[in-house]
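The primary structure of each chain is shown beneath.
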Amino acid sequence: MTEFFLNRLFDGRSILGKSPPLGELPPPPAILHDAISIAWPSILESFLVALVGVIDTIMVGTVGPAAIAAVGLCTQPKFIALALFISTNVAVSAIVARRRGQGNRDSANSVLLQAFSGTLLLVAFISVIAVAFAPQILRLAGTNQDTHQQAVAYYRVIMGGLFFNVCSLVINAAQRGAGNTKIAMRTNLVSNLVNICFNYLLIGGHFGFPRLGVTGAALATVIGTVAAFLMSLYSVSHPEGFLHLNFRRLFRFDRATLASIWKVSSSTLVEQIFLRIGFLSFAMIIARLGTNAFAAHQAGMNIITISFSLGDGLSVAAVALVGQSLGQNRPDLAKIYGGACQRIGVVFSTLASVVFLTQGRRIFGLFFQEESMLAEGEMIMRFTALIVFLQISQVVFSGCLRGAGDVRYMAMVSLASATFARPVLGWLFCYGMGMGLTGAWIGLTLDQGLRLVLSGARFAGGRWTKIKI
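Let me begin by describing the structure that accompanies this report. (Residues numbered from 1 in each chain as written. Predicted model: local features only at pLDDT ≥ 70, side-chain atom pairs only at ≥ 80, totals over all residues. Heavy atoms only, no water.)

## Quick look at the environment of Val226
Okay, step 1: Following the sequence through the fold, Val226 ends up in helix H11 (residues 214-235).
Okay, step 2: Through-space distance from the C-alpha of Val226 to that of Cys341 is 32 Å; in sequence the pair is 115 residues apart. (Helix = DSSP H or I, 4+ residues; strand = E, 2+ residues; numbered from the N terminus.)

Printed below as a string of structure tokens:
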């Protein structure tokens, strides 16, 4: 029965529909194996990152709800500062995947070298600006008297250690594009374990370490990224590997390679800016509801990030498999692998939704003990059970489109949904209709639905398979 189900679900001709195959198609077990073999390390990696975020929040929660809110208010300003690096890394993964499919090792290494060199030049400038203007940035993000001082302390430490984070991210982006997702998984696994250990030592002050609260959580995160950076750097130190970072050629920029990176990253940068403006606006709307409401919302966002990790891992697999397939001039395989990743996502969504519906109150009980907070948590978990279906599918479709280089369209999707739909609908239901935090989560749910419709329609249309990068 299971074999029949898998053969039906992952049959290449079934996924292609009316589109004709362009060559021999792998059997369903091979399609599933290819997708899972690349996806599972990234799923585990993303899950561990999300889990550490939850553990961070629980540990910070021992200081009080204001501490959770303070850390949460730093999230969007941090990602705004990371926008340029994230957009570069999307380009690096997509182009390296395409070069891997073409068997062009020299070009893949040139992409890594150029991206790493550019990251080194930019990170110092961005870190200095973020640290110097932290109070003003976080006032804009919505801090109040309860949260401002702790948020500034946390943000300054995180942004002061940004170098290690972004350098590790660009190397791991190249490794993912080459299909080496286990390397990124291992670096994040070690980073997360280091983070948790120092959380315990520094937040509460154990074994002779100082009790630093929120600042301790930030220091623990930075120490974890140092460990990840050293491991990532070691992964590209072997001259015989597909990816090798030759430090003697740092800052020797090549116009053609930079142009290919910019072609993809420029639109992704615009998308990131649209996303972060929308997410920041949405966070500011919720911050006006008060510290406790924002703390409950932040806990809910940490939980939803765990379900997002499933889609994120499948998205990484989609980027690699789609890019490699297009590099081999097999758009039919690109469609098949994209469809297979989305179907795996639906299975994961179903399992996660059941957990959220049946265990929502217990999950929220890890963060708070107050009855009012638990009641808000139950409401949030009911929305999360629906959002997980919308979110995982749209993240996979988005990964397919980015892997193909269709980043301009994704920028427009972000503009329509995250920049406009989420904050506008959130404000309308939250304040216009007087529904409070429930209304904000209605807006979030509708935003995810819109992103799924727009990205799914683009994937089904197939124009993304003809983009050259």
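## Notes on a nonpolar patch on the surface
Okay, step 1: On the surface, a cluster of nonpolar side chains totalling about 430 Å² of accessible area is made up of Leu121, Leu122, Phe251, Phe253 and Leu258.
Okay, step 2: Relative to the assigned elements, Phe251 resides in the loop between H11 and helix H12 (255-287). (Patch = residues over 30% accessible without salt bridge, like charges linked within 9 Å, V, L, I, M, F, W, Y side chains within 5 Å. Areas by Shrake-Rupley, 256 points an atom, 1.4 Å probe, with all protein chains shown as cover. Salt bridge = Lys/Arg side-chain N within 4 Å of Asp/Glu carboxyl O.)

## Digging into the packing of aromatic side chains
Okay, step 1: Inspection of the entire model under this criterion finds seven aromatic pairs.
Okay, step 2: Considering the side-chain rings of Tyr200 and Phe207, the 6.3 Å spacing of their centres and the 55 degrees angle between planes classify their relative orientation as tilted.
Okay, step 3: Taken together, a centroid distance of 6.5 Å and an interplanar angle of 45 degrees make the contact between Trp427 and Tyr431 tilted. Here the residue Trp427 and the residue Tyr431 both occupy positions in helix H16 (residues 407-432), the gap between them amounting to four residues, near one helical turn.
Okay, step 4: The residue whose ring lies beneath Arg100 is Phe242, and the NZ or CZ to ring-centre distance is 4.4 Å.
Okay, step 5: Geometry around Phe282 places Arg422 over its ring, the cationic atom sitting 5.5 Å from the centre. (Phe/Tyr/Trp six-rings, centres within 6.5 Å; stacked < 30°, edge-to-face > 60°. Lys NZ or Arg CZ within 6 Å of the ring centre and 35° of its normal.)

## What to know about helix H9 (residues 162-177)
Okay, step 1: Its 16 residues place the ends of H9 23 Å apart at the C-alpha level, agreeing with the 22 Å of an ideal helix rising 1.5 Å per residue.
Okay, step 2: Along H9, 12 of the 16 residues are buried, which leaves the element largely enclosed by surrounding structure.
Okay, step 3: Those residues of H9 that sit buried are Leu162, Val166, Cys167, Ser168, Val170, Ile171, Asn172, Ala173, Ala174, Gln175, Arg176 and Gly177.
Okay, step 4: Once H9 ends, the next one or two residues include Gly179, with phi positive near 90 degrees. (Expected span 1.5 Å × (residues − 1). Buried < 20%, exposed > 50% of the residue type's maximum accessible area, 1.4 Å probe, protein only.)

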